[in-house]
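Residue-level listing of the chains:
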Amino acid sequence: MLHKLVSAPINLVIKIAEKVKEEADKELYDLPTIQQKLIQLQMMYELDEIPEEAYKVKEQELMVRYEIAKQKEMEQWQEMTKKK
């Protein structure tokens, strides 16, 4: 009984941390969000609001996130098709 009282707060913290990570991953690897950010970045560059070097760095970062997001999407599809 004492074990449950002690471990309950720890388990709650672990569940909260897992949920926070899940939400952060959704934001970080959400395809429509990444696509929108790429469009905004392109527009900022074309309007000379950011220098070319900053544009290239940010574009590369977004493209890496896009590739990871597409991979995750493919893995989800594969999991879904295995379950059927």
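Residues numbered from 1 in each chain as written. Predicted model: local features only at pLDDT ≥ 70, side-chain atom pairs only at ≥ 80, totals over all residues. Heavy atoms only, no water.

1. Section: the packing of aromatic side chains
Throughout the structure, instances matching the rule amount to 1 aromatic pair. With a centroid separation of 4.4 Å and an interplanar angle of 20°, the aromatic rings of Tyr45 and Tyr55 are classed as stacked. With Tyr45 in helix α2 (residues 31-46) and Tyr55 in helix α3 (residues 52-83), this residue pair connects regions lying 10 residues apart in the sequence. (Phe/Tyr/Trp six-rings, centres within 6.5 Å; stacked < 30°, edge-to-face > 60°. Helix = DSSP H or I, 4+ residues; strand = E, 2+ residues; numbered from the N terminus.)

2. Some points on the confidence of the model for the chain
The share of residues in the chain with pLDDT of 70 or more is 90%, and the mean pLDDT across the chain is 88. Confidence, read as mean pLDDT per element, is least for helix α1 (residues 2-28) in the chain (79) and greatest for α2 (96). (pLDDT = per-residue confidence, 0-100.)

3. Describing the nonpolar core
One finds Leu31, Ile34, Leu38, Leu41, Ile50, Tyr55, Leu62 and Ala69 forming the largest nonpolar core, which totals 8 residues. Listed by contribution, the elements that provide at least two residues to this core are α2 and α3. Take this core: its biggest share by element is 4 residues, from α2. (Core = buried A, V, L, I, M, F, W, Y, C linked by side-chain atoms within 4.5 Å. Buried < 20%, exposed > 50% of the residue type's maximum accessible area, 1.4 Å probe, protein only.)

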